[in-house]
Amino acid sequence: MNVAGKHQPDLLERPASLLVPTWTKTGLALLYDEDANNTYDIRLKLTKEMLIIQKQDVVCLGSVGHHLNHRTVVLRRQTAGGLGLSIKGGAEHKVPVVISKIFKDQVADQTGMLFIGDAVLQVHLLRTAGDEVTITVRYLREAPAFLKLPLGSPGPSSDQSSRASSPLFDSGLHLNGNSSNTAPSSPSSPSANEPKYEKRWLDAVSLSLSMARVSRHKAGSDKLRSNSFEVFALDGVCTNVLQFCTAAESTDWLQAISTNINDLTQESIKTANKFYSPDEQIIHMGWVCEHLHGSDASQIQSYKFLALKGSSLYILRGPPASTSDWAQADATFNLCEVLFKVHKLWIAEDCWIQTKLYPGLQQDCELRDNEPFCFSVLVGHGQSHCFSVELGTELALWEKAFQRAVFMEVQRVGSKTYMCSSQGKILCFTIDFESGFSCSESASKKVIWRYKFSQLKGSSDDGKTRVKLLFKNSESKQIEMKELEFANLTALLHCIHSFIAAKVASVDPLFVNNQTITRKYMYNS
């Protein structure tokens with residue numbers, strides 16, 4: 001990213017060890033409907049900009065409409081094979097009666113109008129009608145997953161259509177008759193002029209990934225979902241809970257979706273920065289989950305939008321769309337006075353997730369059911385904000401982004417001065433990127449003492465207002481203590497840390513980069 005017309009090393013580039021981005025992806029999943037307390041088979045399609053949920057339906061080829069609500073089919077019962085279909089479900093199981101199996105080359109199959117998953121609207125006719133049966137069906141797009149209807153090839157004559165149905169929730173009605181030596185009468189076949197039908201995956205929900213967020217949290221709880229997550233679009237569209245069979249499959253999808261969201265965010269940053277001055281550039285932004293403590297010691301989750309822009313860290317309720325949105329941030333903090341701290345990385349739920357993203361991680365971590373990817377932002381007056389993200393790749397991006405934003409701000413301002421007191425005198429304590437530390441009289445500006453960064457050998461504080469700084473005299477080699485009192489001691493200590501880290505980075509960038517916690521796990525296998 002170019003800032004102030006000068007090329008800066010792009011610390012937001014993906015490390016070489018990260019997974020190759022998957023721009024597009026297609027696969028089957030389950031959709032959990034909390035209102036109905038059922039799961040349904042769906043297909044997911046991921047593009048660079050969209051996540052699409054598809055549901056199966058029956059369409060009439062050549063028809064203008066996308067699908068038909070009802071189809072009426074005439075079946076002629078055969079001596080051998082009967083109607084050639086099986087059904088399952090029913091009122092006793094609180095699900096519609098659906099066709100669970102269609103026998104190949106028998107009468108139901110040869111109509112070309114019936115499909116596994118069709119809900120039969122007049123079930124009693126199947127049992128009571130004579131040789132000729134007229135039934136009306138409609139395809140059940142949200143068939144409960146426990147019916148275990150086979151998916152895959154859409155045609156009724158596929159190999160999967162003869163797959164044995166699960167005995168669970170089976171009505172026991174197999175309308176295929178019994179084998180007989182009597183030659184069967186010829187079943188009716190559709191004529192060339194009759195409409196032809198086909199089962200297809202149709203788009204049901206299209207969700208924009210621009211500024212979208214992903215969540216593995218259960219609603220109203222600090223618990224994480226197992227092998228499942230939700231995706232929320234900026235316009236309020238939600239996928240509901242997407243469930244996967246394994247942790248590996250869930251993480252693959254989570255990684256792919258998150259990668260595309262982040263890439264779209266980076267594009268938005270580049271576009272927005274064209275309209276901001278060099279001192280107001282956006283370094284990084286995105287959704288995080290903030291962890292708050294309730295009055296009863298319980299944890300409360302609240303999704304916030306963090307942004308590193310210019311000299312400040314912004315905590316917002318959503319992505320800013322205008323200048324006024326930046327002004328209405330929940331909180332802003334000067335980047336020189338914040339401290340980014342990565343929490344120890346724990347293995348949570350399934351170590352496969354961390355093992356895949358951080359080779360060797362399982363060797364030096366303990367098991368703990370908690371947030372695996374957390375970081376804190378420590379601000380003035382001893383306050384802090386705790387956040388979490390869904391993937392280790394996101395944690396790495398935030399750590400590098402904070403590091404870069406703070407270093408750029410230190411180099412931009414050059415120095416910071418804080419009012420303080422010592423032995424009843426009002427003084428000015430200055431941290432300068434080039435010269436180090438100095439203390440001067442507030443009124444006359446006369447410098448009392450001055451030390452380089454390298455001369456600072458230690459410090460201690462009372463956690464409130466007072467700090468003792470230990471400097472090594474360059475001539476006598478003796479340690480000299482300077483005791484000062486500040487109104488906002490935490491901000492001062494964070495600022496000292498920021499300036500020293502930026503100074504070291506300017507001399508040896510690789511040294512600072514090697515100190516990042518996420519890098520330790522991502523590069524050392």
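Bear in mind that the values here come from a model prediction, so they are computed numbers and not experimental data.

### Quick notes on the overall build of the chain
For the chain, the count of helices and strands is 9 helices and 29 strands. Going through the 525 residues of the chain one by one, you find that 47% of them count as buried. Nonlocal contacts in the chain, meaning residues at least 24 apart in sequence, comprise 58% of its contacts between residues at least 6 apart. Accessible surface, the chain: about 25,800 Å² in total, of which carbon and sulfur atoms supply 49%.

### Details of the confidence of the model for the chain
With 75% of its residues at a pLDDT of at least 70, the chain reaches an overall mean of 80. For the stretch residues 346-370, pLDDT sits under 50, and the model shows 58 contacts to residues farther than four places along the chain or on other chains.

### A few points about the side chain of T136
For T136, the location among the structural elements is in strand β10 (residues 132-139). A polar atom in the side chain of T136 sits 3.4 Å from the side chain of T72. In this structure, T136 is in contact with H70, R71, T72, A119, V120, L121 and Q122, ignoring residues within four places of it in sequence.

### Quick word on the pattern of salt bridges
In this structure the tally under the stated criterion is 14 salt bridges. D57 is paired through a salt bridge with R141; the nearest N and O atoms lie 3.5 Å apart. Of this pair, D57 sits in strand β5 (residues 50-60) while R141 sits in the loop between β10 and β11 (170-175), and the two are 84 residues apart along the sequence. What emerges from the salt-bridge pattern is a single network uniting E290, K304, R317 and D330.

### With respect to the sheet that holds strand β25 (residues 436-441)
The strands making up a sheet associate through backbone hydrogen bonding, with each pair oriented either parallel or antiparallel. The strand order β26-β25-β24-β23-β29-β28-β27 describes an open sheet built from 7 strands, whose pairing is antiparallel. The two strands at the open ends of the sheet, each matched to only one other strand, are β26 (447-451) and β27 (456-461). Across the sheet, the mean angle from the axis of one strand to that of its neighbour is 30°, orientation sign disregarded. Along the sheet face, helix α7 (residues 489-507) touches β23 (415-422), β24 (425-432), β25, β27, β28 (466-472) and β29 (479-486) and points at about 30° away from the line of β24.

### Quick look at helix α6 (residues 392-413)
The terminal C-alpha atoms of α6, which comprises 22 residues, lie 32 Å apart, in line with the 32 Å expected from a rise of 1.5 Å per residue. Summarising burial for α6: 18 of the 22 residues are buried, a large majority. With its phi angle positive at about 80°, G414 sits one or two positions after the end of α6.

### Here we look at the pairing of β26
Two strands pair when backbone bridges link them, and β25 and β26 are joined in this way by 4 bridges, in the antiparallel orientation. Across the sheet, residue S438 finds its bridge partner in β26, namely R450.

### Some points on the sheet that holds strand β14 (residues 228-232)
What the 7 strands build is an open sheet, ordered β12-β5-β4-β3-β15-β14-β13; its pairing is antiparallel. Strand pairing shows two members of the sheet lacking a second neighbour, β12 (197-208) and β13 (213-215), which therefore form its edges. Adjacent strand axes in the sheet meet at a mean angle of 40°, parallel and antiparallel pairs treated alike. Sheet topology places β5 next to β12; 11 bridges connect them, and they run antiparallel. Across the sheet, the residue bridging to M50 is S208, located in β12.

### As for a nonpolar patch on the surface
Taken together, L470, I479 and M481 make up a surface patch of nonpolar side chains, about 260 Å² in accessible area. Its place among the elements puts L470 in strand β28.

### Thoughts on the packing of aromatic side chains
Scanning the model with the defined rule gives 18 aromatic pairs in all. Members of the aromatic cluster, joined through ring pairs, are F429, F437, W449, Y451, F453, F471 and F486. When the ring centre of W253 is taken as reference, the NZ or CZ atom of K25 above it lies at 5.1 Å. Between the NZ or CZ atom of R213 and the centre of the ring of W287, over which it lies, the distance is 5.8 Å.

### Things to note about the packing of α6 against α7
Packing of α6 against α7 leaves a shortest axis separation of 9 Å and a crossing angle of 95°. Between α6 and α7, the angle falls in the class roughly perpendicular. The segment α6 lies against α7, with V406, F407, V410 and V413 engaging S498, F499, A501, A502 and A505. Class assignment for the residues of the contact of α6 with α7 results in 8 nonpolar, 1 polar and no charged.

### A few points about the state of the cysteines
By definition, a disulfide links the sulfur atoms of two cysteines through a covalent bond. Overall, the coordinates contain 0 disulfides when judged by the stated rule. Here C386 is not cross-linked by a disulfide; its sulfur's nearest cysteine counterpart is in C374, at 4.9 Å.

### Considerations on the nonpolar core
Core analysis: the biggest nonpolar cluster contains 51 residues, and L308, F375, W398, F429, I431 and F486 have the highest contact counts within it. Here this core gets 9 residues from one element, more than from any other, and that element is α6. In terms of nonpolar packing, the next biggest core, distinct from the first, is built from 29 residues, V58, C60, F115 and Y197 among them.

### Here we look at helix α3 (residues 247-273)
Counted at 1.5 Å a residue, the expected span for α3 with its 27 residues is 39 Å, and the 38 Å between its end C-alpha atoms agrees. Of all 27 residues in α3, 19 are buried, a share of seventy percent or more.

### Topic: unusual backbone geometry
A positive phi is found at N227, a non-glycine position, where the angle reads about 55°. Mapped onto the elements of the fold, N227 is located in the loop between β13 and β14. Judged by its relative accessible area of 21%, N227 falls in the partly exposed class. The backbone of N240 sits at a positive phi, close to 65°, despite the residue not being glycine. Here N240 shows up in the loop between β14 and β15 (241-243).

Each value, and the rule that gives it
- Residues numbered from 1 in each chain as written.
- Predicted model: local features only at pLDDT ≥ 70, side-chain atom pairs only at ≥ 80, totals over all residues.
- Heavy atoms only, no water.
- Helix = DSSP H or I, 4+ residues; strand = E, 2+ residues; numbered from the N terminus.
- Buried < 20%, exposed > 50% of the residue type's maximum accessible area, 1.4 Å probe, protein only.
- Contact = heavy atoms within 4.5 Å.
- Areas by Shrake-Rupley, 256 points an atom, 1.4 Å probe, with all protein chains shown as cover.
- pLDDT = per-residue confidence, 0-100.
- Polar contact = N/O pair within 3.5 Å; in protein donor to acceptor, adjacent residues only side chain to side chain.
- Salt bridge = Lys/Arg side-chain N within 4 Å of Asp/Glu carboxyl O.
- Pairing = 2+ DSSP bridges.
- Axes fitted to C-alpha atoms, helices over the stretch in contact; angles between N-to-C directions.
- Expected span 1.5 Å × (residues − 1).
- Patch = residues over 30% accessible without salt bridge, like charges linked within 9 Å, V, L, I, M, F, W, Y side chains within 5 Å.
- Phe/Tyr/Trp six-rings, centres within 6.5 Å; stacked < 30°, edge-to-face > 60°.
- Lys NZ or Arg CZ within 6 Å of the ring centre and 35° of its normal.
- Parallel < 35°, antiparallel > 145°, perpendicular 65-115°, else oblique.
- Nonpolar A, V, L, I, M, F, W, Y, C, P; charged D, E, K, R; others polar.
- Disulfide = S-S within 2.5 Å.
- Core = buried A, V, L, I, M, F, W, Y, C linked by side-chain atoms within 4.5 Å.

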